[in-house]
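Summary of structural features
Residues per chain, in single letters:
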Amino acid sequence: MRNIKILFISDEPSPALWDHFEPSRLEGIDLIISCGDLPPQYLSFLATFFVGPVLYVYGNHDDCYLDTPPEGCTCIDGRVFEFEGIRIAGLGGSMKYRPGNFQYTEKQMLFRTMKLQRQIRRHRGLDILISHAPAFGINDGKDLPHMGFRCFHRLLEKYHPRYFVHGHMHFSYNHRQKRISEHRDITIINACERYVLEYPAYGSN
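First, a word on scope: everything that follows refers to the structure included in this document. Everything quoted here is computed from the prediction, not taken from an experiment.

Now for the packing of aromatic side chains. Evaluation of the coordinates by the stated rule reveals 11 aromatic pairs. Note on tyrosine 58 and phenylalanine 102: the rings are 4.0 Å apart at their centroids and 10 degrees apart in plane angle, and the pair reads as stacked. Taken as a pair, tyrosine 58 in the loop between strand 3 (54-56) and strand 4 (74-75) and phenylalanine 102 in the loop between strand 7 (94-95) and strand 8 (103-104) lie far apart in primary sequence, 44 residues in all. You'll find tyrosine 58 and phenylalanine 102 in the same group, each marked buried. Considering the side-chain rings of phenylalanine 152 and phenylalanine 164, the 6.0 Å spacing of their centres and the 75 degrees angle between planes classify their relative orientation as edge-to-face. Of this pair, phenylalanine 152 sits in helix 3 (residues 151-159) while phenylalanine 164 sits in strand 10 (residues 163-166), and the two are 12 residues apart along the sequence. The class of phenylalanine 152 is buried, set by a relative accessible area of 1%. Under the relative-accessibility criterion, phenylalanine 164 is labelled buried at 0%.

With that out of the way, let us pick up a positive patch on the surface. Where like charges cluster on the molecular surface, the positive patch consists of Lys115, Arg118, Arg121, Arg122 and Lys158. Among the elements that take part in the positive patch, helix 2 (residues 106-122) stands out by supplying 4 residues, more than any other.

On to helix 3. What helix 3 keeps buried is the set Cys151, Phe152, His153, Leu155, Leu156 and Tyr159. Where helix 3 is buried, its residues meet strand 6 (86-91), helix 2, strand 9 (128-131), strand 10, strand 11 (180-183) and strand 12 (186-190). Residue histidine 160 follows helix 3 closely and has a positive phi angle near 45 degrees.

The next subject is helix 1 (residues 40-49). Regarding helix 1, the residues found buried are Pro40, Tyr42, Leu43, Ser44, Leu46 and Ala47. Looking at the packing, one finds that the buried side of helix 1 touches strand 1 (4-10), strand 2 (31-34) and strand 3.

Right, let's talk about the pattern of salt bridges for a bit. Under the defined criterion, the tally for this structure stands at 4 salt bridges. With a shortest N-O distance of 3.9 Å, glutamate 198 and lysine 5 are connected by a salt bridge. Linking glutamate 198 in strand 13 (residues 193-199) with lysine 5 in strand 1, this pair joins segments that are 193 residues apart in sequence. On the basis of relative accessibility, which here comes to 44%, the residue glutamate 198 falls in the partly exposed class. Aspartate 127 is the salt-bridge partner of arginine 87, the closest N and O atoms lying 2.9 Å from each other.

Thresholds applied
Residues numbered from 1 in each chain as written. Predicted model: local features only at pLDDT ≥ 70, side-chain atom pairs only at ≥ 80, totals over all residues. Heavy atoms only, no water. Phe/Tyr/Trp six-rings, centres within 6.5 Å; stacked < 30°, edge-to-face > 60°. Helix = DSSP H or I, 4+ residues; strand = E, 2+ residues; numbered from the N terminus. Buried < 20%, exposed > 50% of the residue type's maximum accessible area, 1.4 Å probe, protein only. Patch = residues over 30% accessible without salt bridge, like charges linked within 9 Å, V, L, I, M, F, W, Y side chains within 5 Å. Areas by Shrake-Rupley, 256 points an atom, 1.4 Å probe, with all protein chains shown as cover. Salt bridge = Lys/Arg side-chain N within 4 Å of Asp/Glu carboxyl O. Lys, Arg positive; Asp, Glu negative; His and termini not counted. Charge placed at Lys NZ, Arg CZ, Asp CG, Glu CD. Contact = heavy atoms within 4.5 Å.

Structure follows, in structure tokens:
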């Protein structure tokens, strides 16, 4: 069995995938997942040239998705999506710092994680957790808009996915910002702009 190749995107459109796009850049990719804060037209553009699923969660700046959702794409915000046996759960939005559709207090996000757990149990576990915001204390910021959610730790500890992939943290914010981190044997990935993961072919947990 070959590995599943997943293209993660977030926050900043990649010039290689839009301004200077060539279809060959998507060769070998099996799945595209957006971690939020990208123009819906960008996702629609990729879906036009891509034969597999394009999944997304909402970023805190994605209010426009309510009127202009990305065409040909699937929202997994607040749900579990299964692809080739890989169980992928999505939670969009950031910490609430001003009025907005996709901003949440810690208590509100905790409620969302509890609802999501019902689906995780139905799918008998979780392999990849997708979010826009990071978890508290793992590559997050000190200011409220970029602070991570504490309740994400409960999901990570309870279901122990192989990967936790988030956006929201631009590398321009902090030159020490890491692309890859490890937390209790879970690989944490910052998807800012783009990152390709080869998911092991041996399947789910």
